[in-house]
Amino acid sequence: MNRFTRLAVVVPVCSLVLSGCAGMSLLPSFMRQAPVEAHALAAPAPAQLIQVAQTVQPVPLSPGQLQPPPKRAHHARLRPRLRVDRANHAALQEPTSAGYINAIQVYPYSEGVLYRLYAAPQEVSDIALQPGENLTAISAGATTRCIVGDTTSGSGSGRQVHILVKPFTADLRTNLVITTDRRSYHLQLESTDRTYMAAVSWTYPQDGLVSLKADGTFSGQAASVASGFSPDDLHFRYAISGDNPSWKPLRAFDDGTHVYIEFPAAIAQGEAPPLFVRGADGASNLVNYRVRGNYYIVDQLFDTAELRLGQDHQQVVRIKRTQETRTAQASANTSGFW
């Protein structure tokens, strides 16, 4: 087959192919073959290697090696000391102008109270006990810096024991404990250059209020304030501290239901201070009380109360119960006591 013959054969074939392609373009769209879409597949993530973490094992401590921080230990020691200092300060009874009879400072006796005694070198201070009271022992904290002795005055039922105190130097601070067949006295001694208390003695309100005759009836002051009262219902464990105004209470006691606060007779000549009772939240609130003569009768029991008077220079006296009050054995009706 020559060159011209091959050319003649190829030309019809190409025409057929081109005519077929042209024919497909003329077909409707729904008869055309849709192109095949190819979707890419995500390859799986490679497996992670597992890491084994080893926990650190603590080395056992030897006995005594684990100790609290020094700062915490210091506070732990300090807290009890602060509580002791605050209790002693609250229980300290200072001399008052209203408490003097001539040169004798007369304190109202209450168990657990610390009574201040100011002394001076070259001066003797006299501590006079209750007539008829017998001395058991005397203990002083600084026996090498002061002289402590005892003597008596009177005879029979009027026999009275006197404790004599004379410091050697000023700036001495110590304490005295005096025990008798009736009670114990706690005194806080402070010596100064010149100021000293010539004599100290006590009144005994509990004895006066609960004294009984042989037939079981009350006598003296008790007859006017304790009608229908049992001596076991009276509680005198209240400490009075703070400022020393002329109206500072002499004593406080309760019957298990009411608290009685006794003031000096001079309170009738001036302004009476209001009474605030401190609640569990620490806030001070006015409470209901009645005034009978030189007494406040508070219609509830309290742990701590304050008497306040004045604005710019306010005088504050605190009354604090020093021991949990027992429940009254019987409900007392105090409306007819006074």
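I tried to follow the overall build of the protein on my own but got confused; where do I start?
From N to C terminus, the protein includes 4 helices and 20 strands. Across the 338 residues of the protein, 34% fall into the buried class. At a minimum sequence separation of 6, the contacts of the protein that also span at least 24 residues come to 61%. Carbon and sulfur atoms form 55% of the exposed surface of the protein, whose accessible area is close to 21,800 Å².

In this structure, what is going on with the environment of Asp254? I would like to understand it.
Along the chain, Asp254 turns up in strand E13 (residues 251-254). Each C-alpha atom, one on Asp254 and one on Phe236, is 6.8 Å from the other, the two residues being 18 residues apart in sequence. A distance of 2.8 Å separates a polar atom in the side chain of Asp254 from the backbone nitrogen of Gly256.

What is the right way to read the packing of aromatic side chains from this model?
In this description, an aromatic ring pair is defined by two values, namely the gap between the centres and the angle between the planes. Enumeration over the complete set of coordinates arrives at 11 aromatic pairs. With a centroid separation of 4.5 Å and 45° between ring planes, the pair formed by Tyr185 and Trp202 is classed as tilted. Within this pair, whereas Tyr185 is found in strand E10 (residues 184-191), its partner Trp202 is found in strand E11 (residues 199-203), the two being separated by 17 residues in sequence. Grouping residues by exposure puts Tyr185 and Trp202 together as buried. With centroids separated by 4.6 Å and ring planes inclined at 25°, the aromatic side chains of Tyr289 and Tyr296 adopt a geometry described as stacked. A relative accessible area of 3% places Tyr296 in the buried class. Of the aromatic side chains, those joined through ring pairs into one cluster are Tyr107, Tyr109, Tyr115, Tyr185, Trp202 and Tyr204. Over the face of the ring belonging to Tyr109 we find Arg183, whose NZ or CZ atom lies 5.3 Å from the ring centre. Stacked on the ring of Phe276, the Lys or Arg Arg308 has its end atom at 4.6 Å from the ring centre.

Which parts of the structure should I look at to understand the side chain of Gln93?
As for its placement among the helices and strands, Gln93 is situated in strand E1 (residues 92-93). Residue Gln93 is classed as buried on the basis of its relative accessible area of 11%. In contact with Gln93, not counting residues within four places along its chain, are Tyr107, Val113, Leu114, Tyr115, Arg116, Ile240 and Lys248.

Help me understand unusual backbone geometry in this model?
In terms of backbone geometry, most residues other than glycine have negative phi values and most peptide bonds are trans. Of note, the phi angle at Asn102 is positive, near 55°, even though the residue is not glycine. By the element assignment, Asn102 lies in the loop between strand E2 (100-101) and strand E3 (104-108).

Mind showing me how you'd approach the sheet that holds E10 here?
The strands that make up a sheet pair up through hydrogen bonds in the backbone, lying either parallel or antiparallel. In space, the 5 strands of this open sheet follow the order E1-E4-E10-E9-E6, with mixed pairing throughout. Either end of the sheet is taken by a strand with one partner, and the two such strands are E1 and strand E6 (135-140). The pairing of E6 with strand E9 (residues 173-180) spans 5 bridges and is antiparallel. From the neighbouring strand, Leu135 faces E9, where its bridge partner is Thr180.

Please clarify how the nonpolar core should be interpreted in this entry.
Taken as a class, soluble globular proteins show a tendency for nonpolar side chains to be buried jointly. Counting 20 residues, the largest nonpolar core has Leu117, Ile127, Tyr185, Leu187 and Trp202 as its most contacted members. For this core, the secondary structure elements donating two or more residues are strand E4 (114-119), strand E8 (160-167), E9, E10 and E11. Setting aside anything within four residues of it in sequence, one finds Leu117 in contact with Ser125, Ile127, Val165, Leu176, Leu187, Gln188, Leu189, Glu190, Met197 and Val200. One finds Trp247, Val287, Val298 and Leu309 within the second-largest nonpolar core, a separate group that totals 19 residues.

What's the story with the pairing of strand E12 (residues 238-242) in this structure? I'm lost.
The element E12 is extensively covered by neighbouring structure, given that 4 of its 5 residues are classed as buried. Bridge analysis of E12 against strand E20 (residues 315-321) gives 5 bridges, and the strand direction is antiparallel. Bridging from a neighbouring strand, Ile240 pairs with Ile319 of E20.

What is the right way to look at the sheet that holds strand E7 (residues 146-153) in this model?
If you walk across this open sheet you meet the 6 strands as E2-E3-E11-E5-E8-E7, and the pairing is mixed. Strands with a single pairing partner mark the edges of an open sheet, and in this sheet they are E2 and E7. With 5 bridges joining them, E3 and E11 adopt parallel strand pairing. Counted as the bridge partner of Pro108 is Thr203 from E11.

Please explain the pattern of salt bridges as it appears in this structure.
Any two side chains of opposite charge can pair, so long as their charged atoms come close to each other. For the structure on display, the rule yields 11 salt bridges. Here Glu262 ties to Arg251 by a salt bridge, and the two come within 2.1 Å at their closest N and O atoms. Highlighted residues: Glu262 in strand E14 (residues 259-262) and Arg251 in strand E13, separated in sequence by 11 residues. You can call Arg251 buried: its relative accessible area is 13%.

Analysis parameters
Residues numbered from 1 in each chain as written. Predicted model: local features only at pLDDT ≥ 70, side-chain atom pairs only at ≥ 80, totals over all residues. Heavy atoms only, no water. Helix = DSSP H or I, 4+ residues; strand = E, 2+ residues; numbered from the N terminus. Buried < 20%, exposed > 50% of the residue type's maximum accessible area, 1.4 Å probe, protein only. Contact = heavy atoms within 4.5 Å. Areas by Shrake-Rupley, 256 points an atom, 1.4 Å probe, with all protein chains shown as cover. Polar contact = N/O pair within 3.5 Å; in protein donor to acceptor, adjacent residues only side chain to side chain. Phe/Tyr/Trp six-rings, centres within 6.5 Å; stacked < 30°, edge-to-face > 60°. Lys NZ or Arg CZ within 6 Å of the ring centre and 35° of its normal. Pairing = 2+ DSSP bridges. Core = buried A, V, L, I, M, F, W, Y, C linked by side-chain atoms within 4.5 Å. Salt bridge = Lys/Arg side-chain N within 4 Å of Asp/Glu carboxyl O.

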